[in-house]
Amino acid sequence: MSTATEPANGAAAGAAGASTAPGTAPGEDVYPLALLMDELKHDDIANRVEAMKKLDTIAIAMGPERTRDELVPFLTEVAQDDEDEVFAVLADELGEFVPYVGGPQHATILLPALEILASTEETLVRDKAVAALNSIACELSEEQILSDFIPLIEHLAVADWFSSKVSACGLFKSVIVRLKDDTLRKNLLALYLQLVQDDTPMVKRAAAKNLPTLIDLLRQNPDLSNDVDWDFISNMFQKIINDSQDSVKFLAVDCLIAILRFFNTKHVDQHFRDLLSSAVKLSTDDAWRVRYMAADKFETLASQFAGHDDYLTELLPPFLALCEDNESDVRKAIANEIPGFAKLFKGTQQSAVILTKVLPAVQNLSMDENEAVRAALALKVTNLVELMSKDEAIENLLPILLNMLKDEFPDVRLNIIANLKVVNDVIGIDLLSDSLLPAITELANDINWRVRLAIIEYIPILAEHLGVDFFNQQLSDLCLSWLWDTVFSIREAAVNNLKKLTEIFGPEWCRNEIVSRLLKSDSQLLENFIYRFTLLSALTALIPVVSADTVTEQILPFVKHLADDAVANIRFNVAKSYAVVVEVLAPHRDQYADVINGTILPSLNALCQDQDVDVQYFSKQSLARCNELLA
């Protein structure tokens, strides 16, 4: 394992020879640096990493001048000889080092060390070095940018090794809009064009990945850019979109979106015909990864042509082709974009395509052989209902939704159920109810407990849409049955579900429909202590959301009954329940003084004397809480 021994020794002489401050013992002022050197000689890499994390403390101890003269040169040497883990921490620290070297006027002294780190092969180190350099660039003056930062970019961009060039691609964004001189910006863009045309795919990918950021910066500063700048950017885009490597070409989608946004901001549409051709080309590319990226961003891409009905219409064939793509990942990506793309046609002369072109594609995707595609479609398909009239939705979209509610894959049914609100708002839930109930019941009894858990979490949402009468008739029994599930997570979710339903339907509904039925639970069932515990948990959870009378007349007698239970876990949960009851009754203590003093506190005191230490502990906690509430 290589260590920083040699640079440490090299810098030690300089540190040892440093002049001592007046009134300071010889050698005392070099102690922080000497300590860092010693720790960076340690064989264990974890120690060296920890040492690097203390750089800010050491810099503060040394002061700005000695940090510049001794610590930074030492760190520059370390940046050439240690492990990647140490380099990653060093890059992070140097990005925050400007205050420790005396402020922005001295910040350029940090650049050499970060330039070395930006040239390493390890991606994590390079990324952190680039982030640190960009952070420092924000604090540099225009003069420092011109004299130090741009030469650094140029040096990295023309280096022999790909890693330096990759890092250079991430640095242009810090200076591109700070250059007021057109010639300087032209030279910088020419250098970036070289990177786009590099022989190495890694460099071309980095250049393509960072190009949208540069375009966005020019969009935000429209007065800076001129026709020459856009000649360079157009050239870069053509190089990327025509690249032979799929991993480079698919990045052209983000570049195209950025270019379209720029022209939309400037209200210039003379280039839109060419840009539309590029959009179609990417959407129909031979490489599935390129088509996937186009499908994944299709709504964003198409929305840039909003207001140009003819162009939107020309995007329909590639859109429909993506819906029928051979690759399931492409179909899955486009399934998420369907409502957003269709919405662009609403209110236009071409609005009929929603029914004539888009819905048939949806119909096919709803029966796709790949379950992930159907599940992705189910997440968004309900949003189409907003784009048509009630009658159109009932005639064209409803059959698709009903069919998807019967899908054999649980995630499809769950995703439809989770997004029924918009359907209810437009056509009402009644038309779906016949298929909805069997779907919910089937999901509620699914062999996979995570599916059962998911449907429980959607019940409160459904309850709001379906209304109390429908719920009482069709779903009430189902919600109570979950309390007796064999999986604890299901029982716990069922308890929380009852509380949420009470918040929706009100305390009176809970008293009549839930509490009364829970208290009538089969005595044979309650012989199992797990079910007694679940029932206690459910009633305790309902205490804060029901009326005080329901608590004292119905819930409290059952809780007190369990205070003598043979199972200690039940008894100490009774003690916890008492504290919850008192919290509800305390604001009305005069009205319920007899209940508190005659029932709850004596029972709690008895539990404090229980033979089980856990029961004693929780009972004493609850008693203290009760006394605090009643004080």
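Predicted model only: the values in this text are computed from it and were never measured.

Digging into the overall build of the protein chain
The helix and strand tally for the protein chain stands at 37 helices and zero strands. The C-alpha radius of gyration computed for the protein chain amounts to 34 Å, which surpasses the reference 25 Å derived for 631 residues by more than 25%, pointing to a less compact arrangement than a globule. Counting only C-alpha atoms, the protein chain reaches 85 × 80 × 45 Å along its principal axes. Here the protein chain, with 631 residues, has 53% of them falling under the buried criterion. Considering only intrachain contacts with a sequence separation of at least 6, the fraction spanning at least 24 residues in the protein chain is 69%. Per element, the accessible surface of the protein chain, about 28,300 Å² overall, is 47% carbon and sulfur. With 53 positive and 94 negative side-chain charges, the protein chain shows a separation of 3 Å between the mean positions of the two kinds.

Here's the deal with the environment of Thr-123
By the element assignment, Thr-123 lies in helix α8 (residues 123-137). For Thr-123, a relative accessible area of 41% translates into the label partly exposed. A C-alpha to C-alpha distance of 24 Å links Thr-123 and Val-98, two positions 25 residues apart in sequence.

Some words on helix α10 (residues 162-169)
Burial analysis of α10 places eight of its eight residues in the buried class, the great majority of the element. All buried positions along α10 are accounted for by Phe-162, Ser-163, Ser-164, Lys-165, Val-166, Ser-167, Ala-168 and Cys-169. Elements that come into contact with the buried residues of α10 comprise α8, α9 (142-157), α11 (182-196) and α12 (201-220).

As for the pattern of salt bridges
Within this structure, the stated rule accounts for 20 salt bridges. Of the charged contacts in the structure, one is a salt bridge between Asp-285 and Lys-249, with a shortest N-O distance of 3.1 Å. Note that Asp-285 is positioned in the loop between α16 (272-283) and α17 (288-296) and Lys-249 in helix α14 (residues 246-249), a separation of 36 residues in sequence. Judged by its relative accessible area of 10%, Asp-285 is buried. Relative accessible area serves as the criterion here: at 13%, Lys-249 is assigned to the buried category. With its nearest N and O atoms 3.0 Å apart, the salt bridge here joins Arg-452 to Asp-485. Here Arg-452, found in helix α28 (residues 449-466), pairs with Asp-485, found in the loop between α30 (476-481) and α31 (488-505); they are 33 residues apart in sequence, far enough to count as distant. No difference in accessibility class separates Arg-452 from Asp-485, as the two residues are buried.

Some details on the packing of aromatic side chains
Summed over the entire model, instances satisfying the criterion amount to 19 aromatic pairs. Both rings, one in Phe-298 and one in Phe-319, keep their centres 5.7 Å apart while their planes meet at 45 degrees; by these two values the pair is tilted. With Phe-298 in helix α18 (residues 298-303) and Phe-319 in helix α20 (residues 316-323), the pair connects residues that are 21 residues apart, well separated along the chain. Here Phe-298 and Phe-319 have matching classes, each one buried.

Side note on the layout of surface pockets
Its volume calculated, the largest pocket comes out at about 430 Å³. Lining the largest pocket are 19 residues; nearest its centre among them are Trp-230, Asp-231, Ser-234, Phe-263 and His-271. Contributing elements (two or more residues each) for the lining of the largest pocket: α13 (227-241), α15 (252-265) and α16. Of the residues in the lining of the largest pocket, the class split is eight nonpolar, seven polar and four charged. Roughly 310 Å³ of volume is contained in the second largest pocket. The wall of the second largest pocket is formed by Thr-123, Arg-126, Asp-127, Val-130, Val-166, Ser-167, Gly-170, Met-202, Arg-205, Ala-206, Lys-209 and Asn-210. Among the secondary structure elements, those contributing two or more residues to the lining of the second largest pocket are α8, α10 and α12. Ranked by residues supplied to the lining of the second largest pocket, first place goes to α12 with five residues. The class makeup of the residues in the lining of the second largest pocket is four nonpolar, four polar and four charged.

Focus: a negative patch on the surface
A surface patch of like charges, here negative, comprises Asp-84, Glu-85, Glu-121, Glu-122 and Asp-127. Positionally, Glu-121 belongs in the loop between α7 (111-117) and α8. Its relative accessible area of 58% is what places Glu-121 among the exposed residues.

Quick notes on the UniProt feature "domain: Phosphatase 2A Regulatory Subunit A helical" (unreviewed entry) in the protein chain
Per the UniProt record, the feature "domain: Phosphatase 2A Regulatory Subunit A helical" (unreviewed entry) sits at residues 518-623. Within residues 518-623, the helical portion is 71% and the strand portion 0%, while the C-alpha atoms at the span's ends are 27 Å from each other.

With respect to the confidence of the model for the protein chain
When pLDDT is averaged along the protein chain, the result is 86, and 94% of the positions lie at 70 or above. Across residues 1-29 the pLDDT falls below 50, and counting only partners more than four positions away or on other chains, this stretch makes 43 contacts in the model.

Description of the packing of helix α33 (residues 529-542) against helix α35 (residues 568-585)
At their nearest, the axes of α33 and α35 sit 10 Å apart, and the two run at 5 degrees to each other. Overall, the two elements α33 and α35 adopt an arrangement that is roughly parallel. Across from Phe-529, Arg-532, Phe-533, Leu-536 and Thr-540 in α33, the residues of α35 making contact are Ile-570, Asn-573, Val-574, Ser-577 and Val-580. When grouped by side-chain class, the residues that make up the contact of α33 with α35 number six nonpolar, three polar and one charged.

Thoughts on the side chain of Asn-573
Tracing the backbone shows Asn-573 in helix α35. Take Asn-573: its relative accessible area is 15%, and that puts it in the buried class. In contact with Asn-573, not counting residues within four places along its chain, are Phe-533 and Leu-536.

With respect to the state of the cysteines
This structure, assessed with the given rule, holds zero disulfides. The thiol sulfur of Cys-255 is not disulfide-bonded, and the nearest other cysteine sulfur, from Cys-169, lies at 12 Å. No disulfide involves Cys-626; its sulfur sits 9.6 Å from that of Cys-608, the nearest cysteine.

A word on the environment of Ala-107
Mapped onto the fold, Ala-107 is located in the loop between α6 (84-95) and α7. Here Ala-107 falls in the buried class, since its relative accessible area comes to 0%. With eleven residues separating them in the primary sequence, Ala-107 and Ala-118 have C-alpha atoms 17 Å apart. If we ignore the near neighbours within four places in the chain, the residues touching Ala-107 are Val-98, Val-101, Ile-136 and Leu-140.

Calculation criteria
- Residues numbered from 1 in each chain as written.
- Predicted model: local features only at pLDDT ≥ 70, side-chain atom pairs only at ≥ 80, totals over all residues.
- Heavy atoms only, no water.
- Helix = DSSP H or I, 4+ residues; strand = E, 2+ residues; numbered from the N terminus.
- Rg over C-alpha atoms; globule rule 2.2 N^0.38 Å.
- Buried < 20%, exposed > 50% of the residue type's maximum accessible area, 1.4 Å probe, protein only.
- Contact = heavy atoms within 4.5 Å.
- Areas by Shrake-Rupley, 256 points an atom, 1.4 Å probe, with all protein chains shown as cover.
- Lys, Arg positive; Asp, Glu negative; His and termini not counted.
- Charge placed at Lys NZ, Arg CZ, Asp CG, Glu CD.
- Salt bridge = Lys/Arg side-chain N within 4 Å of Asp/Glu carboxyl O.
- Phe/Tyr/Trp six-rings, centres within 6.5 Å; stacked < 30°, edge-to-face > 60°.
- 1 Å grid on protein atoms, 1.4 Å probe; cavity = no way out; pocket = protein on both sides within 12 Å on 5 of 7 lines; lining within 4 Å.
- Points joined across faces, edges and corners; volume = space filled by probe spheres on them.
- Nonpolar A, V, L, I, M, F, W, Y, C, P; charged D, E, K, R; others polar.
- Patch = residues over 30% accessible without salt bridge, like charges linked within 9 Å, V, L, I, M, F, W, Y side chains within 5 Å.
- UniProt positions renumbered as here; feature names shortened; annotations may be inferred.
- pLDDT = per-residue confidence, 0-100.
- Axes fitted to C-alpha atoms, helices over the stretch in contact; angles between N-to-C directions.
- Parallel < 35°, antiparallel > 145°, perpendicular 65-115°, else oblique.
- Disulfide = S-S within 2.5 Å.

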